[in-house]
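One-letter residues, chain by chain:
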Amino acid sequence: MSEKFYITTPIYYVNARPHIGHAYTTIACDTIARCHRMLGHDTFFLTGTDEHGQKIERAAQAANKTPQQFADEVSNQFRVLWDRMGLTYDDFIRTTSERHKRGVQALWRVIRDNGYIYKGSYSGQYCVYDELYVDVVGPGAPCPECGRPTETVQEENYFFKLSAFEDKLLKLYTEQPDFIRPETRRNEVISFVRSGLRDLSVSRSTFKWGIPVPDDPKHVIYVWLDALSNYITALGYGSGDKAKYEKYWPADLHMIGKEIVRFHCVYWPAFLMAAGLPLPEAIVAHGWLLFEENKMSKSRGNIVRAETILDVLGADALRYFLLREVVFGQDGSFSFDALVQRYNSDLANGLGNLASRTLTMISRYFRGEVPYPSHSAARQPADDEIAEVARKTISEFGSLFAQYQFSRALESAWSLVAAVNKYIVETEPWTLGEQQDEMSRSRLGTILYTSAEALRIVTALVHPVIPDSTARIWAQLGLGDIKKFQLTTLKWGQLQLGTKLGNVEPVFPRADKITIERMQKMEDQPKAALAEEPKQEHATQAQPAAPGTQSAAPPPPVTAASTSVDGKISIDDFAKIELRVGQVKLAEKVKGADKLLRLEIDIGTEVRQVVAGIAEAYTPETLVGRKVVIVANLAPRKLRGLESNGMIVAASLEGGKPVLCSFLEDVPVGARLK
Ligand code: MSP
């Protein structure tokens, strides 16, 4: 039987819509889950939403909604976004679901029946933001965790005998040094527990939005006991069907942000010990994503939405950036500049360039079939050096990844990308491609085989990080479905001679200067628009965004500042649209699409591929040589798998065929319309 691997994200509070801080944790878990699946492990990946407690109740009140209505809407937003990002969670748990409530009450009963819950009364300070009892004195005293004013709580509560677990917890941390990672967090937890644990209030009786305490419904269960239990209730704990629980519990990894370490590393294991249940294997805390030097959070108003990045650069760009740029475990900054710079340097120029030149040359010089690497005279030390770097990368990447050192693992993979790109530049296969003698052909075959094999290896290694684009490169390499590939078998030399390449097309179109501006604008939309209530979309209707394409993207939003009340735009806004005169060099029908034509259009500075929906109005022959107007700075989009770089301007007639914009006088190619 295959090894199992159970991984969880924290469940996210529904007081705020998702942002890239939440996406960060979920992407890290998705990457780990994908990697385990590729290693052949029976993997279960859980995420979900935390919907009870005073904080949510108040947020709902402020939005004039019932807590359930409010929770339904925001929980749905998380789910829709996760689906749109192609995150491969196996289950999404909501704490307002019946299965969860039943499980939490079952856990409560076991802990109570084991003698670890007693009735008392609590009088002290409470931080609603952190849902945390805090040890500070005086009404309004600031919370030691977040600095917000605390509230005085005086109520009858149930207490959990946390004090009984001090020694057991310390023993756990000593015997299982990897239980809490990284080391800094482990040390913090140890000193917190060593300083003495007081019993913990685990119920509230002054508000209603929570799970009723069994046999005493005047109380609701403390939201953290409720929330932490999700890790077992999702597996069926407390229900008639325990199959998943038996199979997957204990969790192999709870991934969390560093601010919730105490709940996971102290309270959660103590609750489990009290219930006599096995403990998770490991808890890994990552740092915060900062924006403008502060933790990204709704209350600070400095959040960045994942949707903006998905619309403009695609999910893989965000995944790669977060895992490459932020040292896992430490805080890291997000900026659009850094995102675009990484995207261009590592994805467009690095991996993208390697894939497109290697595959294009195999297509051109070997009719799309992987050539034979010569073993004899045509072989040079540089070829073996690449093989050696690749072997080293396979083992280095694996061990860094296993320690969740994503950034270093990716650095290692990209050193292979850089080595092969350099090798290609130095060996100049395009020059050899012009020669017909046997030696040149043999040398060319060796270089292209070596490059393609290195490309295959990087693609397999980084598939868990950038799943969409690597799946496409894999298919272009003629290797079929990357999901079927077993990572454990990866080694140099597996690429078969004669493998027929798939359709070769660019995977990471270069992002231009306006990309940053565009994303910033999308984020700067008036706050009112952001606060707008989410549409009730059904999760399954969400379409995953094609990487690097913007077909699902709305037109760049115009900011309030530049829009006049009657919807007119300023001349500056119009100036952003780059309209140019182009000349059609090539026109052909797009297979399987009645309305589409593939055009190659000379715009003076370059020849662009544009896919246009004009096939019913114009035959390809009538277009070649014709001058047209194109929107030259439109972000690329995909149509039927073809990248369209610009849009032809045409009059759109109601019920009729489009009519291309043209000139009576002769105009030079490349002229700008303004
Ligand atoms: N509901 C609790 C967790 C209960 S788990 C049983 C909670 N929710 S939260 O929505 O406030 O945050 C949950 C997690 O989201 C954080 O622990 C972290 O993993 C992630 N992040 C939220 N904002 C983040 C950043 N700005 N940066 C990095 N991660 C962030 O706490």
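Nothing here was measured: the structure is a model prediction, and the numbers come from that model.

Points about a nonpolar patch on the surface
Then step 1. Side chains of I569, I571, F574 and I577 sit close together on the surface and give an oily, nonpolar patch of about 370 Å² of accessible area.
Then step 2. As for its placement among the helices and strands, F574 is situated in helix 21 (residues 571-575).
Then step 3. The class of F574 is partly exposed, set by a relative accessible area of 33%.

Some words on the confidence of the model for the chain
Then step 1. Across the chain, the average pLDDT comes to 89, with 93% of residues at 70 or higher.
Then step 2. Between residues 526-565, whose pLDDT stays under 50, and residues either more than four places distant or in other chains, the model counts 67 contacts.

Some words on the site of the ligand
Then step 1. As a matter of local geometry, the ligand sits amid 26 residues, with I11, T25, D50, E259 and L289 nearest to it.
Then step 2. Note that an oxygen atom of the ligand is positioned 2.8 Å from one of the side-chain N or O atoms of E259.
Then step 3. Here H286 contributes a side-chain N or O atom positioned 3.4 Å from an oxygen atom of the ligand.
Then step 4. Computed on the free molecule, the ligand has an accessible area of 660 Å², of which 95% lies beneath the protein chains in the complex.
Then step 5. Contributions of two or more residues to the shell around the ligand are made by strand 2 (12-13), helix 1 (20-38), helix 7 (223-228), helix 8 (230-233) and strand 13 (253-257).
Then step 6. Broken down by element, the residue count for the shell around the ligand peaks at four residues, all from helix 1.

Focus on the nonpolar core
Then step 1. Counting 193 residues, the largest nonpolar core has W82, M85, Y173, W249, F271, F334 and W414 as the members making the most contacts within it.
Then step 2. Of all the elements, helix 13 (residues 336-366) adds the most residues to this core, at 15 residues.
Then step 3. Sequence-distant contacts of M85, defined by excluding residues within four places in its chain, comprise A23, I27, A306, L310, A315 and L318.
Then step 4. Counting residues in hydrophobic clusters, the runner-up holds 17 residues, among them A587, A612, A615 and L660.

Things to note about unusual backbone geometry
Then step 1. The amide bond that connects R181 to the next residue, P182, takes the cis arrangement and shows omega of -5°.
Then step 2. Among the secondary structure elements, P182 is positioned in the loop between strand 8 (180-181) and helix 6 (183-194).
Then step 3. Look at the link from W249 to P250: it is a cis peptide, with omega at 5°.
Then step 4. Examined against the element boundaries, P250 turns out to sit in the loop between helix 9 (243-248) and strand 13.
Then step 5. Positive phi, normally seen in glycine, also occurs at Y404, with a value near 60°.

Thresholds applied
Throughout this document, residue positions are counted from 1 along each chain, in the order its sequence is written. Owing to the predicted nature of the model, reporting of local features is limited to residues with pLDDT of at least 70; listing and counting of side-chain atom pairs is limited to 80 or more, with chain, interface and lining totals taken over all residues. The basis for every side-chain value is the complete set of non-hydrogen atoms in the structure, without hydrogens or water. Without a salt bridge and with relative accessible area above 30%, a residue can belong to a patch; like charges are then joined within 9 Å and nonpolar side chains (Val, Leu, Ile, Met, Phe, Trp, Tyr) within 5 Å. Per-residue accessibility takes into account occlusion by the displayed protein chains alone, with areas from the Shrake-Rupley method and a 1.4 Å probe. Here, a salt bridge means any Lys or Arg side-chain nitrogen found within 4 Å of an Asp or Glu carboxyl oxygen. Here a helix means four or more residues in a row that DSSP labels H or I, a strand means two or more in a row labelled E, and each is numbered from the N terminus. Only protein chains enter the area calculation, which uses a 1.4 Å probe; residues under 20% of their type maximum are buried, those over 50% are exposed, and those in between are partly exposed. One number per residue, pLDDT, summarises how confident the predictor is, and it ranges from 0 to 100. Only heavy atoms enter the contact rule, under which two residues are in contact if any of them lie within 4.5 Å. Nearness of a residue to a molecule or strand requires only that one of the residue's heavy atoms be within 4 Å of it. Counting of polar contacts relies on pairs of N or O atoms within 3.5 Å, with two restrictions inside protein: one atom must be capable of donating a hydrogen and the other of accepting it, and residues adjacent in sequence are counted only when both atoms are side-chain atoms. The term nonpolar core refers to a set of buried residues drawn from Ala, Val, Leu, Ile, Met, Phe, Trp, Tyr and Cys, joined through side-chain atoms within 4.5 Å.

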